[in-house]
Amino acid sequence: MATQQIRGVAPDLLERYEPVIGLEVHAQLKTASKIFCACSTRFGDPPNTNVCPVCLGLPGTLPVLNRRALELAIRASLALHCNVQESSRFARKNYFYPDLPKGYQISMYELPLATGGWLEIEFNGARPDKTGTSKRIGITRLHLEEDAAKAMHEGFPDSDRNSYIDYNRCGVPLIEIVSEPDLRSPAEAYAYLTTLKQVLEYTEVSDCNMEEGSLRCDANVSVRRRGAEKFGTKTEVKNLNSFRYLQHALEYEIERHIGVLESGGQIEQETRLWNLGAGRTEPMRSKEYAHDYRYFPEPDLLPVRVSAAWKAEIERAMPELPGAKRARFIHDYGITPYDAGVLADTRALADYFEAVVRAGAPAKTAANWIQTELLRRLKDAGKEISESPVAPAALADLLKLVESGQITAASGKKVFAKMFETGQPAQAIIAAEGVSQISDAGEIERLCREVIAANPDNVAKYRAGNEGVFKFFVGQVIRATRGQANPQLVNDTLKRLLG
Amino acid sequence: MSTAEQWTVDSVRAALGAKKVSARELTTEYYARIEKQNPELNAFLALCPERAYAQAERIDGKIARGEPLPPLAGVPMAIKDVISTRGVTTTCGSRILENYIPPYDAWAVECLERAGAVLLGKTNCDEFAMGSSNENSAYGPVRNPVARDRVPGGSSGGSAAAVAAGLAVAALGTDTGGSIRQPGALCGVPGMMPTYGRVSRYGLIAFASSLDRIGPLATSVRDAAAVLGVIAGRDPNDSTAAAVSVPDYLAGLQQPVKGLRIGIPKEYFAEGMDPAVRQKVEAGVELLKCLGCQPVELRMPHTDYAIATYYVIATAEASSNLARYDGVRYGLRIAGSTLLEMYKKTRGRGFGSEVKRRIMLGTYALSAGYYDAYYLKAQRVRTLIARDFGEAFGHVDAIITPTSPVPAFRLGERTAEPLQMYLADIYTVTGSLAGVPGISVPCGKTPAGLPVGLQILGPRFGEASVLQIAQAFEEAGGYTI
């Protein structure tokens with residue numbers, strides 16, 4: 001959140017108007033096959049290779065629900081504290097478009113899979129309205145549906161005349177998560193989306209890859225005069241497919257609403273599209289959205305029944321959620337809330353941290369090294385934590401050497417750099433390069449005596465009361481060992497000899 | 001009826017086993033019959049001799065090697081053209097699918113071929129199974145083989161006519177509101193609608209998904225039972241196909257019917273029935289009494305609402321099911337300067353007037369502001385109708401009604417009045433709405449020589465007792481009553 005460069009809605013406007021935002025998030029479920037057929041969900045395959053009669057909607061074909069998709073949707077529902085309905089129903093949403101091969105999308109309407117949940121968003125100590133550090137955002141509903149195909153209107157030699165359609169994405173399982181209109185600023189919306197993404201990733205419900213379209217977001221936006229009870233007229237803003245667009249688009253739309261109202265106008269209830277290039281929202285042509293979807297229960301699928309036993313089983317297998325993990329890290333490892341927040345950012349990183357601690361490294365040291373050394377180098381190398389060349393146990397071995405004083409922290413960092421580069425264990429690098437910390441008291445004393453003998457002037461200054469000179473002696477000894485001397489031992493020895 | 005030999009499943013089996021005829025010869029014989037009669041009857045829209053002969057060769061190979069024969073070995077069959085057949089044009093009687101060749105077989109088609117049946121070709125029908133006379137086919141009407149100036153009924157008119165004319169030993173039809181039973185009655189052959197969920201709909205091109213069923217037409221109840229036994233059962237491709245075990249229908253046929261209680265619902269014998277039909281059906285009931293069945297007078301109070309209910313639900317589902325014919329991926333496409341224009345032109349020219357009428361009715365019934373008044377209300381009435389049946393089957397083993405209020409009418413006689421045509425389904429839509437099984441069996445002929453059908457309805461998954469009563473009725477001379 002802190003890295004975002006946000007212009008922000010003009011504060012004087014916000015003194016008079018309160019934004020009201022609800023988000024509709026579509027997340028692709030992490031299943032191997034599509035929601036109603038056995039075709040692969042793999043991204044990036046050649047167009048129209050992951051298709052069959054069912055997902056092409058050929059006459060006579062019928063959908064059969066992918067049980068794994070249902071399981072993941074239930075898991076997401078439970079992670080968002082929703083009531084999973086004992087019986088829910090698929091419905092048909094009817095409209096014509098070439099990316100929709102049946103002329104309807106199988107979704108859920110009157111009886112969604114789950115309702116009435118919440119997600120707690122945190123502001124790392126700086127909530128915009130300064131009233132606290134967290135806020136519960138209501139989840140209205142969560143339901144399952146199938147994705148549409150991808151229509152391509154550009155990039156072909158005959159694109160001026162023809163469009164192409166790739167049906168690989170058609171029938172990929174999605175969940176739609178609809179929030180209550182509980183969000184009161186673009187920053188809250190941003191926090192909600194990041195937190196939701198984190199929960200979905202943690203629970204392995206979705207990989208939430210926005211570039212590949214596996215997480216998509218639409219927003220319902222309105223403003224009202226501060227103190228007013230009634231919501232203003234809302235607009236729906238579509239195409240908010242990156243975190244940055246979300247905030248920019250919401251700010252634009254909020255200011256537009258206020259502008260219209262301030263000049264005595266009225267907001268028209270409509271669907272608008274975020275135009276990234278122009279940096280503004282634009283109304284969709286009415287034909288593109290003015291649908292009567294004629295929803296009715298999907299007769300080709302039976303009602304979805306979720307038994308209490310199955311729900312309990314999914315609940316039992318639920319991984320620890322981000323909030324619980326942060327709390328546990330603070331409590332169990334004594335690390336700061338900030339460090340816990342960074343380390344619990346993803347499940348992979350949290351698992352890495354805990355593996356380092358389990359392998360014997362002190363928690364606080366591990367927390368520091370991971371954040372400073374490991375994450376920085378991973379970022380520079382453009383790698384994920386799962387691709388780290390330094391395994392948790394290897395990092396723990398290094399940290400144990402540092403902790404026991406066998407090498408200095410400074411040497412440790414150099415050794416770590418080599419480990420990251422070569423993938424070799426710390427011991428091997430130290431043996432090869434001689435960076436083992438010199439802790440032999442006799443050797444240290446010999447070096448100290450040499451330095452003292454070579455610098456009589458500074459010895460005199462020190463003895464005359466210039467304590468600042470002491471650092472000079474320490475530095476000389478450390479340099480003579482190319483950084484390998486145990487600093488504490490050098491300190492003690494010099495104090496004794498100069499004393 | 002053709003003067004040529006009337007083969008049955010059993011006689012085919014016996015002749016093949018005794019090597020009196022080969023499957024190939026039998027296939028050739030049926031194609032010869034089709035070649036001779038189809039130009040007039042128009043029962044078949046497409047033939048698939050390559051596929052048929054390949055299957056016949058397989059059966060003859062089994063016979064030559066002395067292998068056991070599957071239950072429908074070598075039986076020449078016809079498939080209604082709303083059922084998908086791999087590599088064989090499947091038009092649904094519509095221009096919009098004139099050039100459509102499915103890349104897969106319907107589950108029922110797979111079952112038939114696995115059971116050794118030889119599929120001769122695809123039979124004519126009302127466009128997308130919408131009609132009661134087969135006059136809504138884009139490829140011309142079918143003539144009733146019994147009276148060639150008359151309709152064969154619909155929508156499975158081609159299948160009924162093919163069987164009645166001896167152009168196939170048995171055929172698959174589909175029944176949404178009466179489309180197997182009514183043409184069976186009008187052509188004088190048994191036609192069976194199984195319980196909803198008894199036969200997989202996978203590959204059946206949908207008209208109304210919650211009502212559509214695949215079932216057999218044959219020249220005898222026994223053959224209908226043999227075909228049903230092969231196509232019934234669970235299919236992982238159809239979520240609505242029930243995991244209810246399939247009894248041996250053939251073995252159950254000879255069970256005695258003495259003592260079975262048959263319900264006679266008053267509402268089905270009210271006004272509007274042709275007197276000749278009434279006379280035959282009442283004689284049919286008398287025959288069942290003679291066989292020892294106990295008549296029970298029934299009230300089914302929601303019967304009057306069935307036609308209205310049916311036409312709301314069926315058209316609503318159809319409006320959605322037929323949305324996919326948009327010219328984008330397969331079938332007819334008429335180019336337009338915009339996407340919308342392509343849609344309008346393609347659908348405007350591709351669909352016939354009855355299909356368009358039903359799409360509009362159904363679209364209206366599902367529209368915002370009308371959904372509750374039409375679709376939702378219709379679903380509630382449907383529940384009440386199903387309850388009528390549920391309660392009735394608490395007292396009786398089967399319900400006996402006429403199949404159609406009138407015998408086969410003349411071609412063109414009713415086409416001007418769609419509502420009048422919808423009333424042809426008055427006795428059949430109730431069973432469709434309730435999801436129960438029913439068969440129409442021949443029940444004599446009117447003085448004009450037109451076949452009459454008797455409908456026997458049973459409880460859900462009660463096909464065995466329906467077939468058992470039908471068999472007893474047939475054996476006792478129901479055909480010639």
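Residues numbered from 1 in each chain as written. Chains lettered and ligands numbered in written order. Predicted model: local features only at pLDDT ≥ 70, side-chain atom pairs only at ≥ 80, totals over all residues. Heavy atoms only, no water.

## So, the overall build of chain B
Consideration 1: What chain B contains, in helices and strands, is 16 helices and 11 strands.
Consideration 2: Taken over the C-alpha trace, chain B has a radius of gyration of 21 Å; the compact-globule value for 481 residues is 23 Å, and the two agree within 12%.
Consideration 3: With the C-alpha coordinates aligned to their principal axes, the bounding extent of chain B is approximately 65 × 55 × 45 Å.
Consideration 4: By the burial criterion, 65% of the 481 residues in chain B qualify as buried.
Consideration 5: Total accessible area on chain B is roughly 16,400 Å²; 54% of this is exposed by carbon and sulfur atoms.
Consideration 6: For chain B, the distance from the average position of its 49 positive side-chain charges to the average position of its 46 negative side-chain charges is 3 Å. (Helix = DSSP H or I, 4+ residues; strand = E, 2+ residues; numbered from the N terminus. Rg over C-alpha atoms; globule rule 2.2 N^0.38 Å. Buried < 20%, exposed > 50% of the residue type's maximum accessible area, 1.4 Å probe, protein only. Areas by Shrake-Rupley, 256 points an atom, 1.4 Å probe, with all protein chains shown as cover. Lys, Arg positive; Asp, Glu negative; His and termini not counted. Charge placed at Lys NZ, Arg CZ, Asp CG, Glu CD.)

## Some remarks on the sheet that holds strand β11 (residues 215-225) of chain A
All names here are of chain A.
Consideration 1: Reading across the sheet, the nine strands line up as β2-β6-β7-β10-β1-β11-β12-β13-β14 and stay open at both edges, with mixed pairing between neighbours. In the strand order of this sheet, the two ends are held by β2 (83-84) and β14 (280-283), each with one partner.
Consideration 2: Note: β2 against strand β6 (residues 114-122), two bridges, orientation antiparallel. Counted as the bridge partner of V84 is A114 from β6. (Pairing = 2+ DSSP bridges.)

## Observations concerning unusual backbone geometry
All names here are of chain B.
Consideration 1: Along the chain, G154 connects to S155 via a cis peptide bond; the corresponding omega equals 10°.
Consideration 2: Topologically, S155 is positioned in the loop between β3 (118-123) and α5 (157-164).
Consideration 3: Positive phi values are uncommon outside glycine, yet F128 reaches one of about 50°.
Consideration 4: Inspection of the secondary structure puts F128 in the loop between β3 and α5.
Consideration 5: One non-glycine residue with positive phi stands out, namely A129, at about 65°.
Consideration 6: Mapped onto the elements, A129 comes out in the loop between β3 and α5.

## Notes on the interface of chain A and chain B
Consideration 1: Listed by partner, the interface residues are 32 residues for chain A and 37 residues for chain B.
Consideration 2: Here chain A and chain B share an interface that buries about 2,800 Å² over both sides, 59% of which is from carbon and sulfur atoms.
Consideration 3: Summed over the three residues of chain A that lose the most area to chain B, namely P59(A), F96(A) and R294(A), the buried surface amounts to 23% of that side.
Consideration 4: Viewed at the interface, chain B and chain A are joined by one salt bridge.
Consideration 5: Residue R201(B) pairs with D300(A) through a salt bridge whose shortest N-O separation is 3.0 Å.
Consideration 6: For the pair chain A and chain B, the number of links is 17 residue pairs in polar contact (both at pLDDT 80 or more).
Consideration 7: Secondary structure elements with two or more residues in the side of chain A that touches chain B: β4 (90-94) and β15 (296-297) of chain A.
Consideration 8: Here the side of chain A that touches chain B is built from residues that sort into 22 nonpolar, five polar and five charged. (Contact = heavy atoms within 4.5 Å. Buried area = accessible area lost by both parts, 1.4 Å probe. Salt bridge = Lys/Arg side-chain N within 4 Å of Asp/Glu carboxyl O. Polar contact = N/O pair within 3.5 Å; in protein donor to acceptor, adjacent residues only side chain to side chain. Nonpolar A, V, L, I, M, F, W, Y, C, P; charged D, E, K, R; others polar.)

## Remarks on the domain arrangement of chain A
Consideration 1: When cut into domains, chain A gives domain 1 (11-310), domain 2 (320-433) and domain 3 (441-498).
Consideration 2: Taking the mean C-alpha position of each, domain 2 of chain A and domain 3 of chain A sit 33 Å from one another. (Domains from an automatic or database assignment.)

## Some remarks on helix α10 (residues 306-321) of chain B
Consideration 1: The terminal C-alpha atoms of α10(B), which comprises 16 residues, lie 22 Å apart, in line with the 22 Å expected from a rise of 1.5 Å per residue.
Consideration 2: The buried count for α10(B) comes to 15 of 16 residues, which makes it a mostly enclosed element. (Expected span 1.5 Å × (residues − 1).)

## Quick look at the pattern of salt bridges
Consideration 1: Applying the stated criterion to the full structure yields 57 salt bridges over all chains.
Consideration 2: Between R224(A) and E18(A) there is a salt bridge, with its nearest N and O atoms 3.0 Å apart. Within this pair, whereas R224(A) is found in strand β11, its partner E18(A) is found in strand β1 (residues 17-28), the two being separated by 206 residues in sequence.
Consideration 3: Residue R446(A) pairs with E443(A) through a salt bridge whose shortest N-O separation is 3.0 Å. With R446(A) and E443(A) both in helix α14 (residues 441-454) and three residues apart, this pair spans about one turn of that helix.
Consideration 4: Exposure remark for R446(A): the relative accessible area of 41% places this residue in the partly exposed category.
Consideration 5: Residue classification places E443(A) among the partly exposed positions, given a relative accessible area of 29%.
Consideration 6: It is possible to trace a salt-bridge network through shared partners that takes in R92(A), E298(A), D300(A), R201(B) and D238(B).

## Notes on the domain arrangement of chain B
Residues and elements named next belong to chain B.
Consideration 1: In terms of domain boundaries, chain B breaks down into domain 1 (3-252), domain 2 (261-300 + 387-480) and domain 3 (308-372).
Consideration 2: Its C-alpha centre places domain 2 at a distance of 33 Å from the equivalent point of domain 3.
Consideration 3: Contact residues are listed per partner, giving five residues for domain 2 and eight residues for domain 3.
Consideration 4: Between domain 2 and domain 3, roughly 560 Å² of surface is buried when both sides are summed, and carbon and sulfur atoms account for 72% of that area.
Consideration 5: One can count zero salt bridges joining domain 2 with domain 3.

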